[in-house]
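Notes for the structure review
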Amino acid sequence: MVSVSDFDVVPDRCRSNSPISSHSPRRISSSRRSHSSSSLSFSSWYRRKRTKVLLALIALLASFFVVNWIMLVRLQHQHDGPHPIPKPTPPSSVSVSLQGKWNKSGNRKKSQKGNYVRMLALTAHALAENKREPKDLWLEPFAPASVWRPCADQRNWAPNEGNNGYILVTANGGINQQRVAVCNAVVVARLLNSTLVVPKFMYSSVWRDVSQFSDIYQEEYFINYLTPDIRIVRELPNELQSLNLEAIGSVVTDVDMEKEAKPRFYLKHILPIILKNQVVHFVGFGNRLAFDPIPFELQRLRCRCNFHALQFVPRIQETGALLLKRLREHAGLIGPLDRYLVGPFAESIKEESGNHEKKASKYLALHLRFEIDMVSHSLCEFGGGEEERKELEAYREIHFPALALLKKTTKLPSPSELRAEGLCPLTPEEAILMLAALGFNRKTHIFVAGSNLYGGSSRLVALTSLYPKLVTKENLLSSAELEPFANYSSQLAALDFIGCTASDAFAMTDSGSQLSSLVSGYRIYYGGGKMATIRPNKRRLASIFVKNSTIEWRVFEQRVRKAVRQTKHVQTRPKARSIYRYPRCKECMCRTD
């Protein structure tokens, strides 16, 4: 093949003014005399040939730039435009559309989702077959579960006067961590015979919500319901408000306390502060009270606070009732947990539907705990390569500095080791694969909570190709209906709590999530053994997902069902485990057999 450099050399040797001719005049002159006619004809041929080659090169370069410009425009269009949830696609075209979406997504999105392209295509074919759902898919083991009934509202003690002083609490975290902190503070107040000031909520750089207790929970109801247990006031007495609590040693931070401190810690270290200064302020208070050993009535008080004393404010209840009505497609039927969640607004679900009663649409709630804070804190990797690592590390430096420092100074388990141990949250793709393998068909109504996903809302696009009836609260409620809750993440999370807790089946993707724990516990406490909950064994699932490039769908389906069924049993609260997640214990629930 002739190169461009070859043509650059030839003319220099043929021209009379070439550098070589100046060094060899006799040779060139002789050549001209003996071959004048041939050299002229060659020069003429060469000029024509060179012109054609140059034109071809110009045309080739032009086409190259045009193609690159077109591709650049397409890429720019893809990145600039939003990624709306697509309209339902026919089952026969699902696998093709899935492949297309991911192939056009660029390197980063391919790395996030590309690991499961094969499995998701198999899922699409399986869902297109529209097989009958397993009989137990929407059911709990009713017989052993139904023998437990709520009884944390029963009291067996005299009211507490709170004479020793006052307890201030500033709870950290999101709404679910704050809920746990409130219940723990109630128990500590009773333990120390102190008066509890209505808890305050710390502003978090993660959640960015200024909501306080009375913005989320009914303050008057909370105070009145717990009056037989402890004394609660809204503010400190005037004579104590002017005290510099830090200067007098009355501020106790979470750093000063054990993570799950036992009652004796409070009696030994906190009670003397209250007796001396008449007040103590817990700053950053959260999971700072052990679950065992705790006296029977104190443990029952903790259950009573969580399941009975904390009621959402009317505007959250009203919007929650509207959400439930639309999730059930206006069937006008009140669910078994509705009255506990939305109070008097449960009646509006029934009244507004008129006399056109029909069978309610069952729906599955899926909590995708895959926000950036969870992803970053897990120290896991999710296929995003170096770009993902840098992004999560930067987030960690800002929001979890202690964890970032620990990662630099201590040898921690590798991401692959964490995943093998089941310590990584399921990705949205893994969650949807699990649901399909369990047998939820393509027509299943799925409510997704926690939809502010790491990687953007585009991660839901492929999922709706598999499950076109997948929705979020943002889909079901208008912008006007959501406007009062805008910029209040805790209040929006309360709507997710209602939607998940009232669902016919609830699937969690991370059992360590506070929302999943509180929701599953609430469903156990009030569900009468009828509220199905899917608790994946992430260690078992990790060993299955690692074979995604070779495993066949039938084998995948069998292994996932076995892994999840093993967790679907009636379990009493293990020692030292959360009563919020495992309320089947004598302090919270009573057996009827």
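Here's a quick rundown of the structure.

What counts, and where the lines are drawn
Residues numbered from 1 in each chain as written. Predicted model: local features only at pLDDT ≥ 70, side-chain atom pairs only at ≥ 80, totals over all residues. Heavy atoms only, no water. 1 Å grid on protein atoms, 1.4 Å probe; cavity = no way out; pocket = protein on both sides within 12 Å on 5 of 7 lines; lining within 4 Å. Points joined across faces, edges and corners; volume = space filled by probe spheres on them. Pairing = 2+ DSSP bridges. Helix = DSSP H or I, 4+ residues; strand = E, 2+ residues; numbered from the N terminus. Axes fitted to C-alpha atoms, helices over the stretch in contact; angles between N-to-C directions. Parallel < 35°, antiparallel > 145°, perpendicular 65-115°, else oblique. Left-handed = near helix turned anticlockwise from the far one by under 90°. Contact = heavy atoms within 4.5 Å. Nonpolar A, V, L, I, M, F, W, Y, C, P; charged D, E, K, R; others polar. Salt bridge = Lys/Arg side-chain N within 4 Å of Asp/Glu carboxyl O. Buried < 20%, exposed > 50% of the residue type's maximum accessible area, 1.4 Å probe, protein only. Expected span 1.5 Å × (residues − 1). Phe/Tyr/Trp six-rings, centres within 6.5 Å; stacked < 30°, edge-to-face > 60°. Lys NZ or Arg CZ within 6 Å of the ring centre and 35° of its normal.

1. Examining empty space enclosed by the protein
By rolling a water-sized probe across the atoms, one finds the places where empty space is left. Counted by the stated rule, this structure contains five cavities of 30 Å³ or more. As for the largest cavity, its lining consists of Pro-134, Asp-136, Leu-137, Leu-438, Phe-440, Ile-534, Arg-561, Val-564, Arg-565 and Lys-568.

2. Remarks on the sheet that holds strand β12 (residues 532–534)
Read across the sheet, five strands follow the order β10-β9-β8-β11-β12 without closing on themselves; strand pairing throughout is parallel. Every other strand in the sheet has two partners, leaving β10 (470–471) and β12 as the edge strands with one partner each. As paired strands, strand β9 (residues 445–449) and β10 are joined by two bridges and run parallel to one another. Counted as the bridge partner of Phe-447 is Val-471 from β10.

3. A few points about the packing of helix α9 (residues 175–191) against helix α27 (residues 514–526)
Packing of α9 against α27 leaves a shortest axis separation of 8 Å and a crossing angle of 60°. If you check the angle between α9 and α27, you find them oblique. By crossing handedness, the relation of α9 to α27 is classed as left-handed. Along its contact with α9, which presents Asn-176, Gln-177, Arg-179 and Val-180, the element α27 presents Gln-514, Leu-515, Leu-518 and Tyr-522. Grouping the amino acids of the contact of α9 with α27 by side-chain chemistry returns four nonpolar, three polar and one charged.

4. Brief notes about the pattern of salt bridges
Per the stated rule, a full pass over the model turns up 26 salt bridges. Arg-328 is paired through a salt bridge with Asp-338; the nearest N and O atoms lie 2.7 Å apart. On the criterion of sequence distance, the pair formed by Arg-328 in the loop between α15 (314–327) and α16 (338–342) and Asp-338 in helix α16 is long-range, its members being ten residues apart. A single burial state applies to Arg-328 and to Asp-338, both of which are buried. Notably, a salt bridge pairs Arg-369 with Glu-371, separated by 2.7 Å at the nearest N-O pair. The class for Arg-369 is buried, based on a relative accessible area of 10%. Glu-371 sits in the buried class, given a relative accessible area of 14%.

5. Here's the deal with helix α26 (residues 489–501)
Since the α-helix advances by 3.6 residues per turn, residues separated by three or four positions end up pointing in the same direction. Between its terminal C-alpha atoms α26 stretches 18 Å, which fits the 18 Å expected from 13 residues at 1.5 Å a residue. Judged by how many residues are buried, α26 sits mostly within the fold: eleven of 13 residues are covered. Turning to α26, its buried residues number three or more, namely Ser-490, Gln-491, Ala-493, Ala-494, Leu-495, Asp-496, Phe-497, Ile-498, Gly-499, Cys-500 and Thr-501.

6. Side note on the packing of aromatic side chains
The final tally for this structure, using the stated rule, is 23 aromatic pairs. Ring centres of Tyr-266 and Phe-282 lie 6.2 Å apart, and the angle between their planes is 70°; this geometry places the pair in the edge-to-face category. In this pair, Tyr-266 is assigned in helix α13 (residues 263–277) and Phe-282 in strand β7 (residues 279–285), connecting sequence segments 16 residues apart. Each member of the pair, Tyr-266 together with Phe-282, is buried. When the centroid spacing of 5.3 Å and the interplanar angle of 40° are considered together, the rings of Trp-553 and Phe-556 count as tilted. Here the residue Trp-553 and the residue Phe-556 both occupy positions in helix α29 (residues 553–565), the gap between them amounting to three residues, near one helical turn. Judged by its relative accessible area of 1%, Phe-556 is buried. Taken together through their ring pairs, the aromatic side chains of Phe-201, Phe-213, Tyr-217, Phe-222, Phe-307, Phe-312, Tyr-340, Phe-497, Tyr-522, Tyr-525 and Tyr-526 make up a single cluster. The cationic tip of Arg-155 hangs over the ring face of Tyr-225; the distance from NZ or CZ to the ring centre is 5.1 Å. For Arg-190, the ring lying beneath its charged end belongs to Trp-157, and the centroid distance is 3.7 Å.

7. Quick notes on unusual backbone geometry
A cis amide bond links Asp-292 with the next residue in sequence, Pro-293, at an omega value of -10°. Here Pro-293 shows up in the loop between β7 and α14 (296–309). Even without being glycine, Asn-130 reaches a positive phi, approximately 55°. For Asn-130, the position within the fold is in the loop between α7 (117–128) and α8 (142–145). Owing to a relative accessible area of 43%, Asn-130 belongs among the partly exposed residues under this scheme. Even without being a glycine, Asn-487 presents a positive backbone phi close to 70°. Here Asn-487 shows up in the loop between α25 (479–482) and α26.

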